[in-house]
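Reading the structure
Okay, here's what each chain looks like letter by letter:
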Amino acid sequence: MTKSSAKTIKVITIDGPSGSGKSTAACKLAQRLGFAHLDTGAMYRAVTFQALQEGLNLRDSAKLVDLAKGIDLDLVPTAHGTQVTICGQDVTELIRTVEVTENAHFLASQRDVRDEMVKRQRKLATKLTPLVAEGRDQGTVVFPHAQVKFFLDADPATRAQRRYQQLQRSGQAVTYDQVLAGIQTRDARDSSRPTAPLEVPAGAIVIDTTNMSVSQMVDELVRHIRRIRSILDQG
Ligand code: DC
């Protein structure tokens with residue numbers, strides 16, 4: 001599909017739990033469509049990273065809101081994915097550590113912090129559109145009127161295996177069992193938090209990626225987008 005053939009679609013959202021394949025699929029889909037890719041998980045990770053650097057109390061909502069408001073955070077698209085910078089410093093790898101992963105839920109569960117992140121995401125979207133926005137609340141809260149919404153899921157063992165392989169590739173010392181336990185804890189937290197819990201957005205297409213390769217996932221997303229585009233064209 002070319003960029004112009006998808007011109008009626010401005011925002012595509014992809015939500016789902018960790019390891020569902022949404023980050024890789026969102027990145028590849030955006031490349032295929034010529035859309036921007038908004039990795040909102042990277043934003044939560046970057047603010048968490050900075051809070052840890054500054055030794056902030058991660059339960060202090062007021063401090064975290066100030067940080068989320070003031071942080072000089074940039075997401076720069078590159079051929080290999082999104083480069084994340086804070087004050088111009090490349091933190092792309094640093095935000096993927098186990099420490100950041102395990103602490104991001106403090107920010108993600110605080111309503112005032114989320115409100116600030118949502119504002120940032122909507123503001124970025126005005127510059128980036130058309131875009132593929134990926135996270136946990138993109139179709140439910142941030143872009144509820146997106147023309148195309150996906151929810152990707154996979155069984156926990158498969159998701160843990162994917163995360164484990166990623167962490168191994170980046171040289172982090174963890175066992176598969178630790179990764180699986182982490183995924184189960186984060187699933188429970190993401191789904192049960194009172195503010196913007198992870199849930200299937202109204203009108204979303206749900207795809208089980210358990211037995212899919214990355215290219216199969218992207219093909220499946222593109223197939224749905226073609227179908228929706230032809231409906232939009234007719235309307
Ligand atoms: O997708 P990820 O693992 O990079 O997300 C990092 C953290 O941010 C994770 O704790 C879930 C949270 N998150 C969120 O609450 N809402 C989003 N839109 C994106 C991520």
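Our subject is the structure listed above.
Bear in mind that the values here come from a model prediction, so they are computed numbers and not experimental data.

Another point: the nonpolar core. One finds Leu38, Val47, Leu73, Val84 and Phe143 to be the most contacted residues of the largest nonpolar core, which totals 36 residues. It is helix 2 (residues 40-53) that contributes the most residues to this core, seven residues altogether. With sequence-adjacent residues up to four places away left out, Phe143 is seen in contact with Val11, Thr13, Leu38, Gln121, Arg122, Ala125, Ala133, Gln138 and Lys149. Counting residues in hydrophobic clusters, the runner-up holds 21 residues, among them Ile12, Leu33, Ile207 and Leu221.

Attention now goes to the sheet that holds strand 4 (residues 81-86). The sheet built from three strands is open, its strands ordered 3-4-5 with antiparallel pairing. Looking at strand neighbours, the two that pair on one side only are strand 3 (73-78) and strand 5 (89-90), the edges of this open sheet. Bridge count for strand 4 against strand 5 is two bridges, and the pairing is antiparallel. Residue Ile86 lies in a different strand from strand 5, and its bridge partner there is Gln89. Strands strand 3 and strand 4 of the sheet are contacted by helix 2, whose axis makes an angle of about 30 degrees with strand 4.

Thresholds, definitions, all that
Residues numbered from 1 in each chain as written. Predicted model: local features only at pLDDT ≥ 70, side-chain atom pairs only at ≥ 80, totals over all residues. Heavy atoms only, no water. Core = buried A, V, L, I, M, F, W, Y, C linked by side-chain atoms within 4.5 Å. Buried < 20%, exposed > 50% of the residue type's maximum accessible area, 1.4 Å probe, protein only. Helix = DSSP H or I, 4+ residues; strand = E, 2+ residues; numbered from the N terminus. Contact = heavy atoms within 4.5 Å. Pairing = 2+ DSSP bridges. Axes fitted to C-alpha atoms, helices over the stretch in contact; angles between N-to-C directions.

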